[in-house]
Amino acid sequence: MWNWLRRNAEPLEAAGALVTAAAALVAITVIPWQISAADRIGRDQTAREIYREFLNLTAQKPELAAADYCALPESSERVAYTAYVEYLLYTTEQMIDTDPSWRGPMESYLSDHMAYLCSNEDWASLSEDVFGIVQGLRAGCGQVAACPQG
């Protein structure tokens, strides 16, 4: 056996080098894929937690989900409502980034807040997808009664 190993040492070393190179090539391809998959799973889980928290907030504060923005007095009620809609916009961004099929349900939530969406002009900080939804909804602002000017 030792004689055979001595006679075939060079071919065995070459085969070992080929196996090592193949393993390195597989690692170079698989590791980025694994990192990407782990990142995707993490973002999906985070988005679902944010959505769950949004639903929890809606259940705890249904008056925010059904508030008439124009009828809210300039007080803590309006601040709370504004924060609620901003959180809804953030939730929308997270859910659409995770899965574009969430666009319809999130657009439905946002359509309940047309008076707020139509009363505000500054949407530059939104992601492209959420900005598109807001702009699409704002196209219907002519059919929404404007808030009376104080």
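The structure this text deals with has already been given above.
Caption draft 1: Broad picture of the environment of L89. Here L89 lies in helix 4 (residues 76–98). Setting aside its immediate chain neighbours within four residues, L89 contacts L110, W123, L126, V130 and V134.

Caption draft 2: The arrangement of the packing of aromatic side chains in detail. Under the counting rule described, the total for this entry stands at 10 aromatic pairs. A centroid spacing of 5.6 Å and a plane angle of 35° characterise the contact between F54 and Y84, whose relative ring orientation is tilted. Note that F54 is positioned in helix 2 (residues 9–60) and Y84 in helix 4, a separation of 30 residues in sequence. Y84 shares its class with F54; the two are buried. Through a chain of ring-to-ring contacts, three or more aromatic side chains come together here, namely Y51, F54, Y84, W102 and Y109. The side chain of R78 reaches across the aromatic face of Y69, ending 4.3 Å from its centre.

Caption draft 3: View of the nonpolar core. Counting 30 residues, the largest nonpolar core has Y81, L89, L110, Y116, L117, W123 and V134 as its most contacted members. Elements represented by at least two residues in this core include exactly helix 2, helix 4, helix 5 (103–111), helix 6 (114–119) and helix 7 (128–138). The biggest single contributor to this core is helix 4, with seven residues.

Caption draft 4: Inspection of the state of the cysteines at higher detail. Evaluated as defined, the whole model comprises one disulfide. Disulfide partner of C118: C141, at an S-S distance of 1.9 Å. Disulfide C118-C141: torsion about the S-S bond near -95°, hence left-handed. Taken together, the positions of C118 in helix 6 and C141 in the segment after helix 7 put the pair 23 residues apart, joining distant regions of the chain.

Caption draft 5: A look at the side chain of T92. In this structure, T92 sits in helix 4. Sequence-distant contacts of T92, that is, excluding residues within four places in its chain, are made with M106, L110, V130 and I133.

Caption draft 6: Expanded view of the packing of helix 4 against helix 7. The interhelical angle for the contact between helix 4 and helix 7, taken along N-to-C directions, is 120°, at an axis separation of 9 Å. When the axes of helix 4 and helix 7 are compared, the pair comes out oblique. By crossing handedness, the relation of helix 4 to helix 7 is classed as right-handed. Here helix 4 contributes L89, T92, E93, I96 and D97 to the contact with helix 7, which in turn contributes D129, V130, I133 and V134. Partitioning the contact of helix 4 with helix 7 into residue classes produces five nonpolar, one polar and three charged.

Caption draft 7: Quick peek at the pattern of salt bridges. For the structure shown, the criterion picks out three salt bridges. Put simply, R138 and E121 hold a salt bridge, and the shortest N to O gap is 3.1 Å. Taken together, the positions of R138 in helix 7 and E121 in the loop between helix 6 and helix 7 put the pair 17 residues apart, joining distant regions of the chain. Given the relative accessible area of 62%, E121 is considered exposed.

Caption draft 8: Representation of the environment of D68. Residue position: D68 is located in the loop between helix 3 (62–65) and helix 4. Taking the C-alpha atoms as reference points, D68 and T82, 14 residues apart in sequence, are found 11 Å from one another.

Criteria and cut-off values
Residues numbered from 1 in each chain as written. Predicted model: local features only at pLDDT ≥ 70, side-chain atom pairs only at ≥ 80, totals over all residues. Heavy atoms only, no water. Helix = DSSP H or I, 4+ residues; strand = E, 2+ residues; numbered from the N terminus. Contact = heavy atoms within 4.5 Å. Phe/Tyr/Trp six-rings, centres within 6.5 Å; stacked < 30°, edge-to-face > 60°. Buried < 20%, exposed > 50% of the residue type's maximum accessible area, 1.4 Å probe, protein only. Lys NZ or Arg CZ within 6 Å of the ring centre and 35° of its normal. Core = buried A, V, L, I, M, F, W, Y, C linked by side-chain atoms within 4.5 Å. Disulfide = S-S within 2.5 Å. Axes fitted to C-alpha atoms, helices over the stretch in contact; angles between N-to-C directions. Parallel < 35°, antiparallel > 145°, perpendicular 65-115°, else oblique. Left-handed = near helix turned anticlockwise from the far one by under 90°. Nonpolar A, V, L, I, M, F, W, Y, C, P; charged D, E, K, R; others polar. Salt bridge = Lys/Arg side-chain N within 4 Å of Asp/Glu carboxyl O.

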